[in-house]
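Working through the structure, step by step
Listed below, chain by chain, are the residues.
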Amino acid sequence: MKVSTKGRYGIRALVDLAVNAKDGYITLVSIANRNQISVHYLEHVFASLKKAGIVKSVKGAQGGYFLGEDAKNITAEEIITALEGDYKIGEEQIDESASYRNISAAAEKLLWSRVNEELKQILTSVTLEDLVQEYLRLCQNENVMYYI
């Protein structure tokens, strides 16, 4: 599985939104500026997120985006699915009479299905809130002064 720029930027933008939207709506321009992402590109990202219900928007001069629900209820799987579609390694299409069918079946059973199971477990166990907390922890660590 390879996560595209859309998926990576979407995660980055959602963490930014969750951190900065505590007191209201956040514009795409402000998210784009803080994260060095094209506003035009973010419009496409947020269209997918809005369609999935992960974000909502308010139009107008004081409008912007906000999370569709609490960050602790939004999983990484929901985000990746909204932005990337199906993230699983697909089954190989095998002709039943093919001489290699048992090799492919063994790989499906011992590799690809297990990779898919583990990936799903990871993506469903990590929430947007987890990402926000890790981001804040990393920011706090950068501000620590070391004295010798």
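Reading the values: the criteria
Residues numbered from 1 in each chain as written. Predicted model: local features only at pLDDT ≥ 70, side-chain atom pairs only at ≥ 80, totals over all residues. Heavy atoms only, no water. Salt bridge = Lys/Arg side-chain N within 4 Å of Asp/Glu carboxyl O. Helix = DSSP H or I, 4+ residues; strand = E, 2+ residues; numbered from the N terminus. Buried < 20%, exposed > 50% of the residue type's maximum accessible area, 1.4 Å probe, protein only. Pairing = 2+ DSSP bridges. 1 Å grid on protein atoms, 1.4 Å probe; cavity = no way out; pocket = protein on both sides within 12 Å on 5 of 7 lines; lining within 4 Å. Points joined across faces, edges and corners; volume = space filled by probe spheres on them. Nonpolar A, V, L, I, M, F, W, Y, C, P; charged D, E, K, R; others polar. Patch = residues over 30% accessible without salt bridge, like charges linked within 9 Å, V, L, I, M, F, W, Y side chains within 5 Å. Areas by Shrake-Rupley, 256 points an atom, 1.4 Å probe, with all protein chains shown as cover. Expected span 1.5 Å × (residues − 1). Arc of directions from axis to C-beta. Contact = heavy atoms within 4.5 Å. Polar contact = N/O pair within 3.5 Å; in protein donor to acceptor, adjacent residues only side chain to side chain.

Once that is clear, we can look at the pattern of salt bridges. For the structure shown, the criterion picks out three salt bridges. The salt bridge partner of Glu-77 is Lys-120, with a shortest N-O separation of 3.0 Å. Taken together, the residues Glu-77 in helix H4 (residues 76-84) and Lys-120 in helix H5 (residues 101-125) connect sequence positions 43 residues apart. Two residues, Glu-134 and Arg-137, come together in a salt bridge whose shortest N-O distance is 2.5 Å. Of this pair, Glu-134 and Arg-137 both sit in helix H6 (residues 128-142), three residues apart, roughly one helical turn. Given the relative accessible area of 36%, Glu-134 is considered partly exposed.

Relative to strand E2 (residues 64-67), strand E1 (residues 55-58) runs antiparallel, the two sharing four bridges. By the bridge assignment, Lys-56 is partnered in E2 with Phe-66. Hairpin remark: E1 followed by E2, antiparallel, with five residues in the connecting loop; positive phi at Gly-60, about 115°.

Taken as a whole, the largest pocket spans an internal volume of roughly 160 Å³. Lining the largest pocket are Ile-11, Arg-12, Val-15, Asp-16, Val-19, Asn-20, Arg-34, Asn-35, Leu-131 and Tyr-135. Elements that contribute at least two residues to the lining of the largest pocket include exactly helix H1 (5-20), helix H2 (28-35) and H6. Broken down by element, the residue count for the lining of the largest pocket peaks at six residues, all from H1. Across the lining of the largest pocket, the residue classes break down as five nonpolar, two polar and three charged.

Another aspect to go through is a nonpolar patch on the surface. Taken together, Leu-110, Leu-111, Trp-112 and Val-115 make up a surface patch of nonpolar side chains, about 360 Å² in accessible area. Structurally, Leu-111 can be placed in helix H5.

An α-helical turn contains 3.6 residues, so a residue and the one three or four places further along point in the same direction. An ideal rise of 1.5 Å per residue puts 18 Å on 13 residues; helix H3 (residues 39-51) measures up with 18 Å between its terminal C-alpha atoms. Within H3, burial applies to Leu-42, Val-45, Phe-46, Ser-48 and Leu-49. Angular distribution of buried residues about the axis of H3 spans 155°; they occupy a single face of the element. Turned more than 90 degrees from where H3 packs its buried face, His-40 and Lys-51 sit exposed. Buried residues belonging to H3 abut H1, H2, E1, E2 and H4. Its side-chain oxygen placed 3.2 Å from the backbone nitrogen of His-40, Ser-38 serves as the N-cap of H3. Two residues or fewer after H3 comes Gly-53, characterised by a positive phi angle close to 80°.

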